[in-house]
Amino acid sequence: MSFKYLPALLVSGLSAWCSVSYADDADHADHDFSVNGFITQGFFATDHNNVYGESSDHGSFDFHEIGLNTAYRFTPKLRGAVQVMSRQAGEVDNGEPKLDYALLDYRFTDSVEQAVGVRVGRLKVPFGFYNETRDVAFTRPSIMLPQSLYFDQARDLELSIDGAILYGSLSAPGGWFDIDLLYGSPQKDTNVEYAYLAMDAAGKFDDSEGLMGRIVYNTNNGGVRVGATVSEYRLSYKPAGGSFPYEFNKGDLKLNVAMLSAQYNTEHWSLTGEYMVHDIDWTELGGIYAARPKTPLTSYYLQLQYRLNYNWDLLLRYDDLKLDGDDPQGVLNSQLFGRPAHNFYSKDITLGVGWRPNADWLFRAELHNVEGTGWAAEQDNQDPAALRKYWNIFALQATYRF
Amino acid sequence: MGNHLMVWLIRTSLLFAVVLSLSVGNAFAHSVIVSQDVKEQTLNRNFLFAVFSMRVTRWPDGRPIRVFVLPDRNPLHRLFVKQHLQIFPYQLRNKWDRQVFTGAGSEPEQVDTMEEMYRKVSQHKGAIGYIDKSFNLNLEKVRVVDEF
């Protein structure tokens, strides 16, 4: 099933409809039509290794996120929404504006007991607590999300999907369930090759298919949230006739994810943890991965947020990634792939502070003390031999929303 | 002199009568108000929670709900959210942001003053908001569906 032209179709349809129905009712228009956006600028400095540009030289300003979205309510049951994003992030993202989502949302039922609907088009991927709004600084607890689960390298795969979501909010004893079931075709580009093949391969992923389900139980009015996400992705690799070790066989790369999420909120504290096992199966692709065709990527983080008041918040987090959960020190993988062992794991201790002078502005500063280079992007660190095992990141971020 | 006093007395008592007839039964509670076209006579806390978190977007008769709120830091907003909805303002804000920036929903319309809240709720169909106990409501324009 191909969803290739769905977003384009939706956007043209939406804009046509907007221009017709927007004009006829001034009162409704100001309510039914909305525009929102944000601009984020980041600064990153590292003592070794690079994040978002050449941060280890004199620091890097090579990071921005700009988003603009609009939504329109056609009828009480039917909504449409579009967001365009530009993201510059070192060599990983070049700032070219992209259609982030473009969807139609039809809500069948709308009550406390059950609010159920379907969304079609280009959709944000409902993965864990933070993935859907990972690029929106106001919704993040920190400048960088825990990279073990929300690794920036594979972001395009995790970002949005062309397809359909069946969603529902169903009341349950003591609270309610939020449920999302998704089917579609994930984004696949060179960054996905870097993330899963560790290189810009000769061929490319020419087709993709993904199935995902997320269920979150909310109790105590959302004070406690417990969730599970499972997904199954297939990316079909099409060789371009390159030669070993830069080429692979025609076949499917299979990605399975199982994730548990939990959060406890009080007025001043939020404690959040997520645990993920991400099975990566290269069997059909072979090539250099024939040596170890299946690995369980294993990761978790624990995060404590403290809100002093409306203006200030603090963050402490421990984030742990093992690219191969069966080889936590990377010893075996180091021998097999000729990369340093620390390239197969990362342990990141993060300290952060946020300042919100008013509702429109947010400033953050944070420190990362990192052991291992498991999530250091190949694009910004072209020579794996030059990577250092122990490194630190200092980051600043300013965001304005409207 | 006596005339003046009489006029003043009459004026004052008239004013009191008008004020009394316009204000809510219980002058010691803040009110959740809806526009006159809303059919519901009372709204329970579960429904209010779902409405203000923008999880439920239509009235039981199928017409869209139009939600008005004061700014996050407004004392009445904080009181309403914390005491009545039993959630913290930052949690509501997170929910709204998540919906707005994923295309999954919208956020309430923000008003800056009590007068604006009253005017918007009274003038728009399917509207809901909340208002301070000290505010004199004209019950021909809005209806009180809950108190806190």
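Treat the numbers as computed from the prediction; the structure is a model and nothing was measured. (Residues numbered from 1 in each chain as written. Chains lettered and ligands numbered in written order. Predicted model: local features only at pLDDT ≥ 70, side-chain atom pairs only at ≥ 80, totals over all residues. Heavy atoms only, no water.)

A. Spatial organisation of the sheet that holds strand β4 (residues 127–131) of chain B. Residue and element names in this part refer to chain B. With mixed pairing, five strands are arranged side by side in an open sheet as β3-β2-β4-β1-β5. Looking along the sheet, the strands with just one partner apiece sit at the ends: β3 (109–110) and β5 (142–147). Bridge count for strand β1 (residues 31–35) against β4 is four bridges, and the pairing is antiparallel. Directly across from valine 32, in β4, lies its bridge partner tyrosine 130. Packing of helix α3 (residues 75–84) onto the sheet brings it into contact with β1, β2 (66–69), β4 and β5, and relative to β4 it is tilted by some 100°. Packed on one face of the sheet, helix α5 (residues 114–123) meets β1, β2, β4 and β5 and runs near 155° to β4. (Pairing = 2+ DSSP bridges. Helix = DSSP H or I, 4+ residues; strand = E, 2+ residues; numbered from the N terminus. Contact = heavy atoms within 4.5 Å. Axes fitted to C-alpha atoms, helices over the stretch in contact; angles between N-to-C directions.)

B. Examining the packing of aromatic side chains more closely. This structure, assessed with the given rule, holds 33 aromatic pairs over all chains. Consider the rings of tyrosine 106 of chain A and phenylalanine 108 of chain A, whose centres lie 5.3 Å apart with planes at 70°: the pair is edge-to-face. What makes tyrosine 106 of chain A partly exposed here is its relative accessible area of 32%. Note on tryptophan 361 of chain A and tyrosine 400 of chain A: the rings are 4.9 Å apart at their centroids and 45° apart in plane angle, and the pair reads as tilted. Here tryptophan 361 of chain A, found in strand β16 (residues 361–371), pairs with tyrosine 400 of chain A, found in strand β17 (residues 390–401); they are 39 residues apart in sequence, far enough to count as distant. Note on tryptophan 361 of chain A: relative accessible area 35%, which makes it partly exposed. Among the aromatic residues, ring-to-ring pairing joins Phe205, Tyr237, Phe248, Trp282, Tyr289, Phe337 and Phe344 of chain A into one connected group. The lysine or arginine in question, arginine 307 of chain A, covers the ring of tyrosine 90 of chain B, its NZ or CZ lying 3.4 Å from the ring centre. (Phe/Tyr/Trp six-rings, centres within 6.5 Å; stacked < 30°, edge-to-face > 60°. Buried < 20%, exposed > 50% of the residue type's maximum accessible area, 1.4 Å probe, protein only. Lys NZ or Arg CZ within 6 Å of the ring centre and 35° of its normal.)

C. View of the pattern of salt bridges. Following the criterion strictly, the structure yields 33 salt bridges over all chains and no others. With a closest N to O distance of 2.5 Å, glutamate 158 of chain A and arginine 134 of chain A form a salt bridge. Linking glutamate 158 of chain A in helix α4 (residues 155–159) with arginine 134 of chain A in the loop between β6 (114–124) and α4, this pair joins segments that are 24 residues apart in sequence. A single burial state applies to glutamate 158 of chain A and to arginine 134 of chain A, both of which are buried. A salt bridge links arginine 93 of chain B to glutamate 107 of chain B; its shortest N-O distance comes to 3.3 Å. Here glutamate 107 of chain B lies in the loop between α4 (89–100) and β3 and arginine 93 of chain B lies in helix α4, a separation of 14 residues in the sequence. Overall, arginine 93 of chain B belongs to the buried group, its relative accessible area being 15%. Residue classification places glutamate 107 of chain B among the partly exposed residues on the basis of a relative accessible area of 23%. (Salt bridge = Lys/Arg side-chain N within 4 Å of Asp/Glu carboxyl O.)

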